[in-house]
Every structure is written in structure tokens, then in C-alpha cells.
Amino acid sequence: MYPPSELIINEDGSCFHLHLKPENLADKVILVGDPERVSTIGKLFDSIEVEVSNREFHTITGTYKGKRITVQSTGIGCDNIDIVLTELDSLANINYTTREDNPQHRTLDIVRIGTCGGLQPDTPIGTPIISVKSIGFDGLLNYYADRDKVCDLKLEEAFRKHMNWSEKKGAPYVAVADDELSRRIGGTDMHRGITASCGGFYGPQGRQIRLKIQDPEQNQKVEAFSYTCPKTGETLKICNFEMESSAVAGMSAMLGHKATTCCMVIANRYDKEMNTTYKNSMENILKTVLDRI
């Protein structure tokens, strides 16, 4: 039984931050950072069943081509993913009346759609990237006991050695996206690769404005890293920076859900280019995920 101080349920029977009730949650979930993007996706739905907003958490559940889908905004960062994934899982797998686990586990399909910075010459602005694995610079999964069970430990070790990673920054972890869902969402038209999920937008992603960063060569080393998977023989490079995919993949796997992330490149750090009007070009990737989820 989960005590009220741990599983916080509002007086109306909804979860603490998201303000959703168990019956509001679909089996197919799309996560976006921007609350406005939830409304953009909602306009593509055939019908809307429920719409709830609290702080940065905006939710719409409805139907698209006969599929019941929940679209949930998370805000920015892995810390917010910790809130969203925990509460979504509680809605799916805990009885809110008895505060006990449901007798049967319910598995969600979770796809994060976002924007990112491309890190390779072959990931120019406009490239859709599917995150096969995600390196978490933020340390979130290290707080959970089962993180080793869902992480690629060999890739972690290779990355730390390659980067000469400073212990002051905390141990990076490598979360693995669900293979079936990644292939279904990515199809043959999305770039497959490793994503680096950072604990900030500026220094953690190698940007220097007025503050100098700990490792001035960080981005060059990240761009040069590659890893060949022993099981599949697939060689992957770190294709992009963003701020959520490692937590999405890692927490989902620990909780028994299927998850992946697809992002559109809006800045190419390699070429020093940026598209500030990217919101006008997101509709294609939104429709693609809706069709494939």
C-alpha cells in the first residue's frame, strides 16, 4: 500500500501534478515538451475526450483514425520526466482507491516528440532522428535501484573512457529504447543513432555565453564517439543533443513500458546553424508519429 505522502492523490481522485484520473489515460502516449504542442496535436484528432492543464503539464486524450491516444506535455528536462513517467505509470498500474498495485500490469507505448541539436554532418536542420540509445548526462536513473538492468553498461564504460569524464559531473548512464517501437516509429525515413540527454541547455550542451564550461573540447569528443553493438553489429554515433530521451527510455523500461524518442533537428551544432521558425515545420513529424504509434 502506497502511503499518501508518496503517492499523492488530489481530492478529486487525480494524480498530484498531471491532474489526470486513471480512466483518462490511453494505452498510447505521446510526450512533448511544449504545452502548446499538445493543442497542435489535438487539432489533428477526430475527437477529444478530456483536456486538463496544470502548470506546464497539459494533457489531451482523444481519438485519431480510430486510435485512442493521450498527448502529454512534460516541460523541459529529465527531472520533469521523472514526475510525468511516475504519475502516468501510477494511473496505469495502481488502484487509486486501495493504493495497491493492480493485479495485472498494463503496458504503455510511449513516444516522445521533440526538437534537438544535430551533432553530425549528416544530420542537417530538418533531419528526423530516432533515439536508439540515450546517454543521460543528468544522473536521474542513478537514483533508482534497477538502472543497471535497463542500461547498456558496455557503452557507458566506452563513453566514459572516450570522454575522460569528470567524476564531479556524476556518472552518465545509457538507456536503451524499445527496439520494436523504435523501428515502428522510425521506419526507414528517420536517422537512427545515439542521443545525448543533457541536464541543461547551455553549459551541459557545450554552449559558452558568459560562463566557461568544464571541458572546452566536450562537443568535439562527443561528435567523434562511435559504438558498435556486439549483438547486432550496428555502429552508432551520437547524433544529437536534447534534454529528455534518456529518462523517457530508462524509466519506461524499469516500469515495464515501451518507449522511444524522435526529434527533429532545429540546430546543427557542427555547422553552427539554427532554425528559429521550426514550429512551422513540425507538422509532418507529428502526423508521422500519430500514424505509426
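One can find the structure itself at the top, above this paragraph.
Going along each chain's sequence as written, the residues are numbered from 1 onward. Local features are withheld for residues below a pLDDT of 70 in this predicted model, meaning they are given only at 70 or higher, and side-chain atom pairs are given and counted only at 80 or more; totals for whole chains, interfaces and linings count all residues. Values reported for side chains reflect all heavy atoms of the structure, with hydrogen atoms and water molecules removed beforehand.

**Quick word on helix H8 (residues 283-292)**
- All of the buried residues along H8 are Ile 285, Leu 286, Val 289 and Leu 290. Down the axis of H8, the buried side of the element spans an arc of 135°, and every buried residue falls inside it. Residue burial is assigned from relative accessible area. The probe radius is 1.4 Å, only protein chains are included, and a residue is buried under 20% of its type maximum, exposed over 50%, and partly exposed in between. For the purposes of this entry, the term helix denotes a DSSP run of H or I that reaches at least four residues, the term strand denotes a run of E that reaches at least two, and both are numbered from the N terminus. The reported arc concerns the directions from the helix axis to the C-beta atoms and nothing else.

**What to know about the pattern of salt bridges**
- Counted as salt bridges are all cases of a side-chain nitrogen of Lys or Arg within 4 Å of a carboxyl oxygen of Asp or Glu. This structure, assessed with the given rule, holds 19 salt bridges.
- Measuring nitrogen to oxygen at the nearest pair gives 2.7 Å for the salt bridge that ties Arg 68 to Glu 49. Separated by 19 residues along the polypeptide, Arg 68 in strand E4 (residues 67-73) and Glu 49 in strand E2 (residues 47-54) bring together distant segments of the chain.
- Residue classification places Glu 49 among the partly exposed residues on the basis of a relative accessible area of 46%.

**Overview of helix H7 (residues 245-255)**
- Of all 11 residues making up H7, eight are buried, and the element is well covered by its neighbours.
- Residues of H7 that are buried: Ser 245, Ser 246, Ala 247, Val 248, Ala 249, Gly 250, Met 251 and Ser 252.
- Following H7 by one or two positions, Gly 256 has its phi on the positive side, about 85°.

**Observations concerning the nonpolar core**
- If you look at the biggest cluster of nonpolar residues, it comprises 33 residues, and the most contacted ones within it are Leu 31, Leu 88, Ile 110 and Tyr 173.
- Of all the secondary structure elements, the ones that give two or more residues to this core are strand E1 (28-32), E2, helix H2 (78-93), strand E9 (173-176) and H7.
- In terms of residue count, the dominant contributor to this core is H2 (seven residues).
- Any two residues having at least one pair of non-hydrogen atoms within 4.5 Å are treated as being in contact. If near-sequence neighbours (up to four positions away) are discounted, Leu 31 is found in contact with Gln 72, Thr 74, Val 84, Leu 85, Leu 88, Ile 110, Val 111, Arg 112, Ile 113 and Val 248. Put simply, buried Ala, Val, Leu, Ile, Met, Phe, Trp, Tyr and Cys residues joined by side-chain atoms within 4.5 Å make one nonpolar core.

**Comments concerning the layout of surface pockets**
- Space inside and on the surface of the protein is sampled on a 1 Å grid over the protein atoms alone, with a cavity defined as a set of points where a 1.4 Å probe fits but cannot get out and a pocket as an open set with protein on both sides within 12 Å along at least 5 of 7 lines; lining residues have an atom within 4 Å of a point. Grid points are joined across faces, edges and corners, and a volume is the space filled by probe spheres set on the points. Of the pockets and cavities examined, the largest pocket occupies roughly 630 Å³.
- Glu 6, Leu 7, Thr 86, Glu 87 and Ser 90 are, among the 23 residues lining the largest pocket, the residues nearest its centre.
- Elements with a minimum of two residues in the lining of the largest pocket: H2 and H7.
- In terms of residues, the lining of the largest pocket owes the most to one element, H2, which gives seven residues.
- For this scheme, ten residues count as nonpolar: Ala, Val, Leu, Ile, Met, Phe, Trp, Tyr, Cys and Pro. Four count as charged, namely Asp, Glu, Lys and Arg, and the remainder, Gly too, count as polar. Residue composition of the lining of the largest pocket, grouped by class: 13 nonpolar, four polar and six charged.

**Focus on the environment of Thr 261**
- Looking at the element boundaries, Thr 261 is found in strand E13 (residues 258-268).
- Sequence spacing of Thr 261 and Ser 246 is 15 residues, and the spatial spacing of their C-alpha atoms is 8.9 Å.
- With residues near it in sequence (within four places) discarded, Thr 261 still touches Arg 112, Ile 129, Ile 130, Ser 131, Glu 242, Ser 245 and Val 248.

**Focus on the packing of aromatic side chains**
- Planes of paired rings set the category: under 30 degrees apart is stacked, over 60 is edge-to-face and the rest tilted, where pairs are Phe, Tyr or Trp rings (Trp by its six-membered ring) whose centres lie within 6.5 Å. As enumerated under the stated definition, the model contains six aromatic pairs in all.
- Between Phe 159 and Trp 165, the aromatic rings sit 5.8 Å apart at their centres with planes inclined by 50°, giving tilted as the arrangement.
- Looking at Phe 159, the relative accessible area reads 1%, which means it is buried.
- Taken together through their ring pairs, the aromatic side chains of Phe 137, Phe 159, Trp 165, Phe 225 and Phe 241 make up a single cluster.

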